[in-house]
Amino acid sequence: MLQPAFPLLHILDQLPEGGLLLTPTNRLRNRCQQVFGTSQQANKNWAPPAVESLQGWLDTLWFTLQQKQWQPAMCRVLNREQRQLLWQQCVEDTLDKGLINTQLLAGNCDTALSQLIQWLKVEDLTAADEALAPHWEKIGLQAGDYPLFQVLPLFQQQLQQRNAITPDQRDLLIARAFDEGQLAKLPQISLAGFVQNSPLTDRIFASATESLQRYPIPEKDQAKIQVARCHNLEEELQQAARWAAQKLAQNPDNSIGIVVNNLGQCRPLVEQVFARVLEPQWLDPAQAAYTLPFNFSAGTPLAKTPVGAATLQLLETLRDKFDYSQLRNLLFSPFWGDDSNEEQHLRSALFRRLQKQELREIPGNILRTCTEKLASEIAPESPLPAQLNQLGEWARRWQRAPAEIWAQRFSELLARLQWPGKRNPNSQEYQQLMLWEQALENFAGLNEFTGSLPLSKALQLLRQIASRTPFQAETRDGPLQILGVLEAGGLAFDHIRLVGFGQQQWPPPPSPNPMLPVQWQKDWEMPRASAERELKLAQELTQDLMNASSEIVVSYACEEDGVGQSLSALFGAPQPAEQLGQDAISDFYQALENGPALEQTDDRELPPLSPTDCAQVRGGAGVLKAQALCPLNAQLRYRLGAEEFSEPGLGLSAAERGNLIHEMLAAFWLNCENSQNLAAMGDEQRNLQISSSIDTAIGRLKKKHPELPEAFWALEQTRLKTIFDQWLPLEQARPAFTVSQVESELTVTLQGLTFTLRLDRLDTLVDGEQLVIDYKTGQTSLSDWLQARVREPQLPLYALFHPQAKAIAFGGVKNGDCKYQGCGELAQPINGIKLVADAQKGASKQQEPEIVHWDQLKQHWQQALEGLADEYRTGQAPLIFDRPADNENQKSLWPLNRWPERQ
């Protein structure tokens, strides 16, 4: 069993009746009580030992004073959140806000006032100016130079109005109560495990007893100290975990301490590394959740626990706006909804449909509309649509309220949404649920400090409370303890390992409070005030750690923030420790590497398409294009659904801006119809027609982006008008034509595959000739039509199924570079549309014989496209690329096609 580093039983034996042993932490107090209980005889009654933690003892004394109704104690002590809000209000009412971070400033003011009281420089806030006046004179500064002393009078006034005090003022009253005889003095107080106390704490001790005994940790004469030099913190932790596993394997009853410098800042990494080495099965998603068998002294903020994070995300739905990551976590949270196949199918389909819209932010009305439509098709019995509608109603009705009302509303919301789900919570989740109720109660307690709050402020305050509420899982008492430096004080171990003790980390650098003159803090030796004070404290803590075990290993990272470092000089020059290179996971990886070679299977062919798949091939001409670029990627994308969605951004995506141009031109030609009508238009009529076409295109997209302001759409109108003015002269310069089809669908069958194509535009020319046009806003190249594997099959496919088509062309609608680019055999030439023979010039010739006529080109397309269609239908899927750039442009498929692993 883990023992205190001081002679506990001897100290307790020396205590007179009514005496008390005090420890600095609850952890050490609990350990003392356990050790004492273990030492008692079985089957015999015994009283608990007179052991208390300092904070627990002060809480008990305060409760006693209130029970006695001592008048100075008939007030309430503000907790951290209440003080923070009160300070913020005072800061905002006193100082010119400007660029001030009121939250940070309020926290610094609270800490500074606590230090002034704990160091007995201010005892009566109403007389703070008089108490500090001599100290200002010594340093030649004024109170007005520091915001704390401008805000302090209003803070004191607010405390008086609320009949409230701070915890430090409470400690002053406890000392006064001992002095005035309101609290009975103890015959003796013994202190064990303390390093440094504030003057106020020492004053309380002096007032509480005439006999104060201090018990330092006994020195160990023959402690074995070794040092481990590591590359970084993660390697330090990995070495520590392997070392602990080795010690436990030698003797499972060994008490092992891992003391991590700044544990609170790196706890997630510590837990991950130790779980990977000591409990690798814990990382298995199929493994039932359980509490890790080693104890942490540092807790996890409630807001970062599974229950806390999920609950806060669920409450955020009242904002009625969602981003994709938030919505994904919400829809698939184990704490909301059930895990039935029908419900999970609905939520997956809903998220996929919303992804396809590629919105930067999903408005609540779009989410509810999509959910209702999908639920009617997939899961009519799902409660999700009704729940989302209820959330939308609350979002409209719940605007402002005091904190207490918001707490009631949040509880109602969680209950109505059946949070935390239908399954039974495990032990840790149950503990987190209990802690959540406590955090919500603390939030409700801010009622008089907040006034009426908008939703955003209420959620912000609740998240702050959850972030400052530590969750510490209740674990069984195990041999391995992972502790911070202060929490390790007063404990003894069979083996101890110190992590993170490089010269830049230990002693820690000073960080004086900005609300107090630095010279004061140095002179009074306040916490973090100076390098000298930190060195002195570090020396004392180091000495205690060195006396905590007879076998000690201290480690450090040889580089910190890009700067090389060595071991802290406080540890001297120990001998090097053994470097450990194996653990359960590494042994498993090695076993896999040394195992028999895996059988390899040729994956260049997938099963052929079924008749059902052939009857309607999704993806249109894009399937043949993908097959030309890379057969395997085509199968992955269009058969297996490995789609990539664009990253949502500000404004419109490139695809949406291109669609605007398509819809604008389509609306124009649906009204104009032919070149004769275009020529007959006057300037005013033509401008009205252009404006109407632009308004039609923008009007459709506006519904999808209600968050964009009118000024944005005005800029889009200007952009589209500029492009239209550049494009229209090309149309006016052409020979006579009639726009026969606009945005029309065409169903074609090729090698047994049925495709549905969408045609941008089909023009009928003189003598019945037809021109197939596809609008493009990006780069285009005619050579893509002339390769053995046709890289742009859309227009050639249209041409094959329109017998009267004598040319195909890209309509390059691009600001500053509008043009036709195509090839064919037209009776009347069009600028930019080349003859077939001329299109061959400059293109790489990968086919024989040379193509010089339209019919030859169509025959080439027929053979090439039938070949691509046959490859796709039969499942041909080699991982080859027509061009290297095709691989770079499809990196999102690398996890599936495993390109990097094949190199």
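Please refer to the structure higher up on the page.
What comes next concerns the included structure.

If you tally the helices and strands in the protein chain, you get 37 helices and 29 strands. For 903 residues, the compact-globule formula gives about 29 Å, and the C-alpha radius of gyration of the protein chain, at 38 Å, lies well above that figure. Summarising its shape, the C-alpha atoms of the protein chain cover approximately 120 × 70 × 60 Å along the three principal directions. Within the protein chain, contacts between residues at least 6 apart in sequence are counted, and of these 74% link residues at least 24 apart. Computing the positive centroid from 82 side-chain charges and the negative centroid from 108, the protein chain places the two 2 Å apart.

It is at 10 Å that the axes of helix H12 (residues 306-315) and helix H17 (residues 403-416) come closest, and there the two elements cross at 100°. One element, H12, and the other, H17, form an angle in the roughly perpendicular class. Across from Thr311, Leu314 and Leu315 in H12, the residues of H17 making contact are Phe410, Leu413 and Leu414. Across the contact of H12 with H17, the residue classes break down as 5 nonpolar, 1 polar and no charged.

Along the chain, isoleucine 851 turns up in the loop between helix H33 (836-840) and helix H34 (854-874). Owing to a relative accessible area of 4%, isoleucine 851 belongs among the buried residues under this scheme. Taking the C-alpha atoms as reference points, isoleucine 851 and glutamine 428, separated by 423 residues in sequence, lie 73 Å from one another. Setting aside chain neighbours within four positions, we find isoleucine 851 in contact with Val836, Ala837, Gln840, Gln856, Leu857 and His860.

Counting through the fold element by element, proline 363 comes out in strand S13 (residues 362-363). The exposure class assigned to proline 363 is buried, which follows from its relative accessible area of 13%. Contact partners of proline 363, with chain neighbours within four places excluded, come to Asp320 and Pro706.

Here we take up the nonpolar core. If you look at the biggest cluster of nonpolar residues, it comprises 121 residues, and the most contacted ones within it are Trp57, Phe410, Leu413 and Phe443. Contacts of phenylalanine 443, omitting those with residues within four sequence positions, involve Ala403, Trp406, Ala407, Phe410, Ala458, Leu461, Leu462 and Ile465. Counting 43 residues, the second-largest nonpolar core is a separate cluster that includes Leu786, Tyr798, Phe810 and Ala869.

Our next topic: the packing of aromatic side chains. All told, the structure shown has 28 aromatic pairs when counted by the stated rule. Look at phenylalanine 332 and phenylalanine 351: their rings are 6.3 Å apart centre to centre, the planes differ by 80°, and that puts the pair in the edge-to-face class. One end of the pair, phenylalanine 332, is in the loop between helix H13 (324-331) and helix H14 (341-357); the other, phenylalanine 351, is in helix H14, with 19 residues separating them in the sequence. Note on phenylalanine 332: relative accessible area 32%, which makes it partly exposed. With 5.2 Å between their ring centres and 70° between their planes, phenylalanine 501 and tryptophan 506 make a pair best called edge-to-face. Among the residues examined, phenylalanine 501 registers a relative accessible area of 0% and is labelled buried.

With 4 bridges connecting them, strand S6 (residues 189-192) and strand S7 (residues 212-215) associate as parallel partners. The residue of S7 that forms the bridge with leucine 191 is arginine 214. Considered for its hand, the β-α-β crossover made up of S6, helix H9 (residues 199-208) and S7 is right-handed.

Under the definition given, this model contains 46 salt bridges. For the salt bridge of arginine 347 with glutamate 343, the shortest nitrogen-to-oxygen distance reads 2.8 Å. Residue arginine 347 and its partner glutamate 343 are located together in helix H14, separated by 4 residues, close to a single helical turn. You'll find arginine 347 and glutamate 343 in the same group, each marked buried. One salt bridge in this structure joins aspartate 817 and lysine 819, with 3.9 Å as the shortest N-O distance. A residue is classified by how much of its surface remains accessible, and aspartate 817, at 35% relative accessible area, is partly exposed. Taking relative accessible area as the criterion, lysine 819 reaches 36% and is therefore assigned partly exposed. Via salt bridges that share partners, Asp784, Arg791, Asp882, Arg883 and Asp886 belong to a single interconnected network.

Listed in full, the buried residues belonging to H9 are Leu200, Thr201, Ile204, Phe205, Ser207 and Ala208. Those residues of H9 that are buried are in contact with strand S2 (20-23), helix H3 (54-67), helix H5 (102-118), helix H8 (167-179), S6 and S7.

A word on a nonpolar patch on the surface. The grouping of Phe588, Tyr589 and Leu592 at the surface amounts to a nonpolar patch, some 360 Å² of accessible area in total. With respect to the element layout, leucine 592 can be found in helix H24 (residues 584-594).

Here we come to the sheet that holds strand S25 (residues 753-764). What holds strands together in a sheet is hydrogen bonding between their backbones, with the strands either parallel or antiparallel. Read from one edge of the open sheet, 6 strands run S24-S25-S26-S27-S28-S29, paired in mixed fashion. Since the sheet does not close on itself, it has two edges, and those belong to strand S24 (738-750) and strand S29 (833-835), each with one partner. On average, adjacent strands in this sheet sit at an angle of 35° to one another, irrespective of strand direction. Inspection of the sheet shows strand S27 (residues 805-812) paired to strand S28 (residues 819-824) by 6 bridges, in the antiparallel sense. Within S28, the residue paired with phenylalanine 810 across the bridge is glutamine 821. Contacts between H34 and the sheet are confined to S24, S25, S27 and S28, with S27 contributing the most and set at about 70° to the helix.

Parameters at a glance
Residues numbered from 1 in each chain as written. Predicted model: local features only at pLDDT ≥ 70, side-chain atom pairs only at ≥ 80, totals over all residues. Heavy atoms only, no water. Helix = DSSP H or I, 4+ residues; strand = E, 2+ residues; numbered from the N terminus. Rg over C-alpha atoms; globule rule 2.2 N^0.38 Å. Contact = heavy atoms within 4.5 Å. Lys, Arg positive; Asp, Glu negative; His and termini not counted. Charge placed at Lys NZ, Arg CZ, Asp CG, Glu CD. Axes fitted to C-alpha atoms, helices over the stretch in contact; angles between N-to-C directions. Parallel < 35°, antiparallel > 145°, perpendicular 65-115°, else oblique. Nonpolar A, V, L, I, M, F, W, Y, C, P; charged D, E, K, R; others polar. Buried < 20%, exposed > 50% of the residue type's maximum accessible area, 1.4 Å probe, protein only. Core = buried A, V, L, I, M, F, W, Y, C linked by side-chain atoms within 4.5 Å. Phe/Tyr/Trp six-rings, centres within 6.5 Å; stacked < 30°, edge-to-face > 60°. Pairing = 2+ DSSP bridges. Right-handed = clockwise from strand over helix to strand, strands pointing away. Salt bridge = Lys/Arg side-chain N within 4 Å of Asp/Glu carboxyl O. Patch = residues over 30% accessible without salt bridge, like charges linked within 9 Å, V, L, I, M, F, W, Y side chains within 5 Å. Areas by Shrake-Rupley, 256 points an atom, 1.4 Å probe, with all protein chains shown as cover.

In short, the description is geometric, and any link to function would need to be established separately.
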